[in-house]
Amino acid sequence: MLTVAKLNGAKLNGANLNGANLFGADLTDACLIYAILVNTNLTKANLTGCYVYGLSAWDVQLEGAIQTNLVITPPYTPIITVDNLEVAQFIYLLLNNQKIRHIIDTITSKVVLILGRFTPERKAVLDAIRDALRKRDYLPILLDFEKPSSRDITETVSTLAHMARFVIADITDAKSIPQELMAIVPSLPGVPVQPLLLSSQQEYGMFEHFRRYPWVLETFLYDDENRLLAALNEKVIGPAEAKAKGKVSV
């Protein structure tokens, strides 16, 4: 048992800690270079000053853990520290891999999050929007929210919205959309939201709340799928891109 173990300064280079229970352990200044932590319990452990270069961390339990000054760089190189074990590897790759930086830049300039109902009629429209965006060199992400929204789904929407260039939200027959928009609109002023609505319908009652946010664009009313696609550049992509670039859409 390694619970509450005193491992401060321990040399655990390359150690296989897969499934280990290190609850409350003191790992201050320990060397975890190339260590394997899969399903490892580090709840309430003290990881202050650990050396974590090359560490593999998957599904690690870190509730209440102290993660201050984790050293992500290899020995004998300038020291860079972070305060989160789960993102340490990502931060190192981001700093040292030009391809990773390029991928991130590409994602944030190309991703378009599409929200809407997934009834057969509505899904056909969303699929058509996705295909049209692909042809315009975007990376459309389409998620099925026909099922009741959960905390996990809402958090997923929020995460994807943070990566998006803009959001297209078809609020026709709105069901889960109000909750998803409430999760992303107030906190993401840099991500324009372009609402769409079938012209034969009206906006749901609470949608008026979003009009106070300048990054929520005027709702585009469309008569059918074909007319929507014909106007996609001018009425949907154009205004969203102009807002994303800080321009005034006309």
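Our structure is the block above this text.
Right, let's walk through the structure included here. (Residues numbered from 1 in each chain as written. Predicted model: local features only at pLDDT ≥ 70, side-chain atom pairs only at ≥ 80, totals over all residues. Heavy atoms only, no water.)

Within the protein one finds 7 helices and 9 strands. With respect to the three principal axes, the spread of C-alpha positions in the protein is 70 × 35 × 30 Å. Per-residue burial for the protein yields a buried fraction of 44% across its 250 residues. Taking contacts inside the protein between residues at least 6 apart in sequence as the whole, the part at least 24 apart equals 44%. Of the roughly 13,400 Å² of accessible surface on the protein, a fraction of 54% belongs to carbon and sulfur atoms. Distance between charge centres in the protein, computed from 24 positive and 26 negative side chains, equals 4 Å. (Helix = DSSP H or I, 4+ residues; strand = E, 2+ residues; numbered from the N terminus. Buried < 20%, exposed > 50% of the residue type's maximum accessible area, 1.4 Å probe, protein only. Contact = heavy atoms within 4.5 Å. Areas by Shrake-Rupley, 256 points an atom, 1.4 Å probe, with all protein chains shown as cover. Lys, Arg positive; Asp, Glu negative; His and termini not counted. Charge placed at Lys NZ, Arg CZ, Asp CG, Glu CD.)

This paragraph deals with the sheet that holds strand E8 (residues 193-198). Taking strand neighbours across the sheet as the criterion, the 5 strands line up as E6-E5-E7-E8-E9 in an open arrangement whose pairing is parallel. Of all the strands in the sheet, the pair left with one neighbour each is strand E6 (139-142) and strand E9 (220-222). Averaged over all pairs of adjacent strands, the angle between strand axes in this sheet comes to 25°, irrespective of strand direction. As judged from the 4 bridges shared by strand E7 (residues 166-170) and E8, these two strands associate in the parallel manner. In the sheet register, Val167 faces E8, and the bridge partner there is Val193. (Pairing = 2+ DSSP bridges. Axes fitted to C-alpha atoms, helices over the stretch in contact; angles between N-to-C directions.)

Note on placement: Gly14 falls in the segment before strand E1 (36-38). Judged by relative accessible area, Gly14 falls into the partly exposed class, the value being 42%. Taking the C-alpha atoms as reference, Gly14 lies 9.0 Å from Gly54; in sequence the two are 40 residues apart. In contact with Gly14, not counting residues within four places along its chain, are Ile33, Tyr34 and Ala35.

Quick look at unusual backbone geometry now. A positive phi angle, near 55°, is found at Asp59, a position not held by glycine. Secondary-structure assignment places Asp59 in the loop between strand E2 (56-58) and strand E3 (70-71). We classify Asp59 as exposed; its relative accessible area is 59%. The residue Asp137 is not glycine, and still its phi comes out positive at about 70°.

Quick look at the state of the cysteines now. According to the stated counting rule, one finds 0 disulfides in the structure shown. Among the cysteines around Cys31, which has no disulfide bond, Cys50 carries the closest sulfur, lying 8.9 Å off. Among the residues examined, Cys31 registers a relative accessible area of 9% and is labelled buried. For Cys50, a relative accessible area of 0% puts it in the buried group. (Disulfide = S-S within 2.5 Å.)

Just distances and angles here, no functional claims.
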